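# Analysis of the macromolecular model
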Protein chains: 2
Amino acid sequence: MKGVTILRKLLFVYLILIGVFVVYVYQYQSENTSNNQWSEHELRGTIDENYVMVTFQSGIDYWKRALKGFEDAAEALNVSVEYRGATQYDVNEQITVLEQVIAKKPAGIAVSAMDPDALNDVINKAVEAGIPIVAFDSNAPESKVFSFLGTDNYYAGVTAAHKMAELLNGAGEIGIVTHPKQLNHKERTKGFRETIAKEYPKMNIVSIQDGRGDQMTSKEVVDEMIGKFPNLKGVFASEANGGVGVGQSILEQQKKGEIHIISFDTDKGTLDMVDEGVISATLAQGTWKMGYWSLQYLFHLQHGLAENMEVGRSLPRYVDTGITIVTQENVEAFYPNE
Amino acid sequence: MKGVTILRKLLFVYLILIGVFVVYVYQYQSENTSNNQWSEHELRGTIDENYVMVTFQSGIDYWKRALKGFEDAAEALNVSVEYRGATQYDVNEQITVLEQVIAKKPAGIAVSAMDPDALNDVINKAVEAGIPIVAFDSNAPESKVFSFLGTDNYYAGVTAAHKMAELLNGAGEIGIVTHPKQLNHKERTKGFRETIAKEYPKMNIVSIQDGRGDQMTSKEVVDEMIGKFPNLKGVFASEANGGVGVGQSILEQQKKGEIHIISFDTDKGTLDMVDEGVISATLAQGTWKMGYWSLQYLFHLQHGLAENMEVGRSLPRYVDTGITIVTQENVEAFYPNE
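Residues numbered from 1 in each chain as written. Chains lettered and ligands numbered in written order. Predicted model: local features only at pLDDT ≥ 70, side-chain atom pairs only at ≥ 80, totals over all residues. Heavy atoms only, no water.

### What about the overall build of chain A?
Of regular secondary structure, chain A possesses 10 helices and 12 strands. The C-alpha extent of chain A, read off along each of the three principal axes, is 120 × 45 × 35 Å. Each of the 338 residues in chain A was classed as buried or not, and the buried ones make up 51%. Taking the contacts inside chain A whose residues are at least 6 apart along the sequence as the reference set, 73% of them involve residues at least 24 apart. As presented, chain A carries roughly 15,400 Å² of accessible surface, and 50% of it is formed by carbon and sulfur atoms. Positive and negative charge centroids in chain A, built from 30 and 44 side chains respectively, lie 4 Å apart. (Helix = DSSP H or I, 4+ residues; strand = E, 2+ residues; numbered from the N terminus. Buried < 20%, exposed > 50% of the residue type's maximum accessible area, 1.4 Å probe, protein only. Contact = heavy atoms within 4.5 Å. Areas by Shrake-Rupley, 256 points an atom, 1.4 Å probe, with all protein chains shown as cover. Lys, Arg positive; Asp, Glu negative; His and termini not counted. Charge placed at Lys NZ, Arg CZ, Asp CG, Glu CD.)

Right, dumping it as structure tokens:
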């Protein structure tokens, strides 16, 4: 009888332990399940959520930072991303790429529009299919994109003017080499001119030339400009090829250090000239930010997070990703393989 | 001997079960611990991270949506928020409030600046103390704020012009009641005027009056305007008190339905007049978005997340939170207690 009593007591303890064990396993499982589901109040997606970045001229360095931002946001939000680009500067190819992307019903699309109007139909098709879509770098303002993230070019010109004034101690003759047919270059030039006119009375813009976005043409117009205005102290180039052309002219005429150049963007040729002190400063666009915040916006649209208290448009209309001034001091950090 | 053998076997099973149980409890605990730590690649803070929103005239409804956005972002990011406001329209009180907030070393501050210049010193003090700070709704452009999130007032005027054209089928005489001493009202008026002039040749702005931000004054100037221009078809009021004053004038002169009013903001008086059809449309600012994205930006600064690939300025410079058009159809959603 005594052995049987002990046996019963042990069996009883045994059953309790099994019970507790089952409860713990169950709790552990349910804890795990809730971690894997997207919770309403958590910024965490799933790996099968696929967001696509679409650009034009897919080979060029310019997009690498934007894609890095897109990827960094994907890591933070636990979602997947993909990159697609038209290989040529061909708007029909970009339309085809977009149509292929839409057919796969991704969780969202960030597009840089090669043409401000030509992509409207295909963008609106994405919106009508319920696919979140934002534009970055180059907008399609008449389309139904939910937001646009890019550089405020007028303000970039303002920034260039202040930097030029700093380099020239607020006095001297300046020239501009620009690409007057493109809207972004017109705006950069306007911001530069208006700021000099309004805030720096001792600075004087003596010549504005069309460099046609071409290195050789830009070099030639500056050769001539230096001939005409021997007291020239600075040149603002609103675009990268022009900036390198201006740099070549200055080098050839042995005016390095005498004439300050401010250029635009951060391709290798420009960075090298900044590093060598030929170009005094170049303006880097916030491409990483364009990619990072594009994905954040798409994620918020996909999860209905941006519509909480707002009726109608659920995201900020426009984001100026801003400008960073690159000089000899910080140029190293802008090389792509850093 | 047989009883003892069974006893030993049971004890053995007993020990194994206890062992497994201990392992499970340990795993469960460690799983929980890792969930509470902030991981580099996860948008998740800690509850002891405290972000503060600072406004002026703390009582008014206008800030409620901004605070709701701030709170919603805090929930998504697992951090704490606090609201502090100067009770009066008194810039010195706001400086004092900001100084008290800075002394507590919060994780970040979102400030709406009562005055565009007076807060520069105290804002820069926060930046120098390593506290992330952004401005929303009203900027301090010469200060060191990392970003500004607010309405593009010029574009709000553009939006109002297009809506007016829609209401008037693109033709008719229009008046404006504004508050010409304040920059935001100047910009709204400019956007409105330039859009009408450029895009709607059959619409004509016949009178621009100063309503002084006051209901009674605005009513009086419109009484007079209607007397002078009997064919008046629309009035744009660039600010809420003015809009209600215009509404009272229209009601008194029994012109409801004949003259369309477009007003600004969503205080109760304005919403009631939209609901009754006296005001045809009012422009709601994206205040929820201002609060939500302010906290996102502060969180990214606090965790060094925005500096990944960028040198220099680590956040977008400016965000236009946009405008939503409120009409009789969607007005219900804009009452605060909805």
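Here the narrative resumes, following the displayed structure.
### Concerning the pairing of strand S10 (residues 281–285) of chain B
Consecutive side chains along a regular strand alternate between the two faces of the sheet. All names here are of chain B. In terms of residue burial, S10 counts as a mostly covered element, since five of its five residues are buried. Of the two faces of S10, the one lined by Ala-281, Leu-283 and Gln-285 and the one lined by Thr-282 and Ala-284 are each fully buried. Running through helix H9 (residues 268–275), the crossover from strand S9 (residues 260–264) to the neighbouring parallel element S10 is right-handed. Where S10 and strand S12 (residues 323–326) come together, four bridges link them in antiparallel fashion. Its bridge partner lying in S12, Leu-283 is registered against Ile-325. (Right-handed = clockwise from strand over helix to strand, strands pointing away. Pairing = 2+ DSSP bridges.)

### Let's talk about the UniProt feature "domain: Periplasmic binding protein" (unreviewed entry) in chain A
The residues that UniProt annotates with the feature "domain: Periplasmic binding protein" (unreviewed entry) are residues 53–301 of chain A. Strand forms 20% of residues 53–301 of chain A and helix 48%; the C-alpha atoms that close the span are 16 Å apart. (UniProt positions renumbered as here; feature names shortened; annotations may be inferred.)

### Side note on the domain arrangement of chain A
Each domain of chain A was delimited in the assignment, giving domain 1 (50–151 + 287–307) and domain 2 (153–284 + 328–334). Between the C-alpha centres of domain 1 of chain A and domain 2 of chain A the distance comes to 32 Å. (Domains from an automatic or database assignment.)

### Details of the sheet that holds strand S8 (residues 232–237) of chain A
All names here are of chain A. Strand order in the open sheet formed by six strands is S7-S6-S8-S9-S10-S12, with mixed pairing between adjacent strands. With partners counted over all chains shown, the strands left at the sheet margins are strand S7 (203–210) and strand S12 (323–326), one partner each. Across the sheet, the mean angle from the axis of one strand to that of its neighbour is 20°, orientation sign disregarded. Contacts between helix H8 (residues 240–252) and the sheet are confined to strand S6 (172–178), S8 and strand S9 (260–264), with S9 contributing the most and set at about 160° to the helix. (Axes fitted to C-alpha atoms, helices over the stretch in contact; angles between N-to-C directions.)

### Structural notes on the nonpolar core
Core analysis: the biggest nonpolar cluster contains 64 residues, and Leu-43 of chain A together with Leu-43 of chain B have the highest contact counts within it. Secondary-structure elements contributing two or more residues to this core are strand S1 (50–55), helix H2 (62–77), strand S4 (133–136) and helix H10 (287–302) of chain A together with strand S1 (50–55), helix H2 (62–77), strand S4 (133–136) and helix H10 (287–302) of chain B. (Core = buried A, V, L, I, M, F, W, Y, C linked by side-chain atoms within 4.5 Å.)

### Details of the sheet that holds S4 of chain B
Pairing is mixed across the open sheet formed by 12 strands, whose spatial order is S2(A)-S1(A)-S3(A)-S4(A)-S5(A)-S11(A)-S11(B)-S5(B)-S4(B)-S3(B)-S1(B)-S2(B). Because the sheet does not close on itself, it has two edges, and the strands there are strand S2 (80–85) of chain A together with strand S2 (80–85) of chain B. Averaged over all adjacent pairs, the angle separating strand axes in this sheet is 20°, with direction ignored. The pairing of S4 of chain B with strand S5 (residues 148–150) of chain B spans two bridges and is parallel. When the sheet's bridge partners are listed, Ala-135 of chain B is paired in S5 of chain B with Phe-148 of chain B. Against the sheet, helix H3 (residues 91–103) of chain B touches S1, S2 and strand S3 (108–111) of chain B, its axis set at about 175° to S1 of chain B. Its contacts with the sheet place H10 of chain B against strand S11 (318–320) of chain A together with S1, S2, S3, S4, S5 and strand S11 (318–320) of chain B, and it is angled at close to 165° to S4 of chain B.

### With respect to the side chain of Ser-147 of chain A
Residue and element names in this part refer to chain A. With respect to the element layout, Ser-147 can be found in the loop between S4 and strand S5 (148–150). One polar contact links the side chain of Ser-147 to the main-chain carbonyl oxygen of Pro-316, over a distance of 2.6 Å. Residues in contact with Ser-147, not counting those within four places in the same chain, are Val-134, Ala-135, Tyr-297, Leu-315, Pro-316, Arg-317 and Tyr-318. (Polar contact = N/O pair within 3.5 Å; in protein donor to acceptor, adjacent residues only side chain to side chain.)

### Comments concerning unusual backbone geometry
Phi is positive for Arg-212 of chain A, which is not a glycine, with a value near 55°. Relative to the assigned elements, Arg-212 of chain A resides in the loop between S7 and helix H7 (215–228). Positive phi, normally seen in glycine, also occurs at Asp-265 of chain B, with a value near 70°.

### Let's talk about the environment of Ser-280 of chain B
All names here are of chain B. Checked against the element boundaries, Ser-280 lands in the loop between H9 and S10. Ser-280 sits in the buried class, given a relative accessible area of 18%. For the pair formed by Ser-280 and Met-164, sequence separation is 116 residues and the distance between their alpha carbons is 9.2 Å. Beyond its immediate stretch of four places on either side in the chain, Ser-280 contacts Leu-167, His-260, Ile-261, Val-326 and Thr-327.

### So, the environment of Ile-60 of chain B
Of note, Ile-60 of chain B is situated in the loop between S1 and H2. Considering only alpha carbons, one finds Ile-60 of chain B and Val-278 of chain B, 218 residues apart in sequence, at a separation of 24 Å.

### Focus on the side chain of Gln-94 of chain B
Along the polypeptide, Gln-94 of chain B turns up in helix H3. Setting aside its immediate chain neighbours within four residues, Gln-94 of chain B contacts Val-54, Thr-55, Phe-56, Ala-86, Val-111, Ser-112, Ala-113, Met-114 and Leu-119 of chain B.

### Observations concerning the packing of H8 of chain A against helix H9 (residues 268–275) of chain A
Packed helix pairs are characterised by how far apart their axes lie and by the angle those axes make with each other. Residue and element names in this part refer to chain A. For the pair H8 and H9, interaxial distance at closest approach is 9 Å and the crossing angle is 40°. What the angle tells us is that H8 and H9 run oblique. Where H8 crosses over H9, the handedness of that crossing is left-handed. Here Ala-240, Val-244, Gly-247 and Gln-248 of H8 come into contact with H9, specifically with Gly-269, Thr-270 and Met-273. Looking at side-chain class alone, the contact of H8 with H9 contains three nonpolar, four polar and no charged residues. (Parallel < 35°, antiparallel > 145°, perpendicular 65-115°, else oblique. Left-handed = near helix turned anticlockwise from the far one by under 90°. Nonpolar A, V, L, I, M, F, W, Y, C, P; charged D, E, K, R; others polar.)

### Some points on the packing of H2 of chain B against H10 of chain B
Residues and elements named next belong to chain B. It is at 6 Å that the axes of H2 and H10 come closest, and there the two elements cross at 40°. In this view, H2 runs oblique relative to H10, as classed from their interaxial angle. Both H2 and H10 take part in a crossing whose hand is right-handed. Taken together, the residues of H10 that come into contact with H2 (itself represented by Tyr-62, Arg-65, Ala-66, Lys-68, Gly-69, Phe-70, Asp-72, Ala-73, Ala-74, Ala-76 and Leu-77) are Thr-287, Trp-288, Met-290, Gly-291, Tyr-292, Ser-294, Leu-295, Gln-296, Leu-298 and Phe-299. Per-class residue counts for the contact of H2 with H10 are 13 nonpolar, five polar and three charged.

### Section: a nonpolar patch on the surface
Residues and elements named next belong to chain A. The grouping of Leu-15, Ile-18 and Val-22 at the surface amounts to a nonpolar patch, some 270 Å² of accessible area in total. Take Ile-18: it is sitting in helix H1 (residues 2–36). The partly exposed category is assigned to Ile-18, whose relative accessible area is 34%. (Patch = residues over 30% accessible without salt bridge, like charges linked within 9 Å, V, L, I, M, F, W, Y side chains within 5 Å. Salt bridge = Lys/Arg side-chain N within 4 Å of Asp/Glu carboxyl O.)

### What to know about the pairing of S6 of chain A
Residues and elements named next belong to chain A. The buried count for S6 comes to six of seven residues, which makes it a mostly enclosed element. With seven bridges connecting them, S6 and S7 associate as parallel partners. Following the sheet pairing, Ile-174 is matched in S7 by Ile-205. Between S6 and its parallel partner S7, the chain crosses via helix H6 (residues 183–199), and the hand of that crossover is right-handed. Here S6 pairs with S8 via five bridges, running parallel. Looking at the pairing, Ile-174 lines up with Gly-234 of S8.

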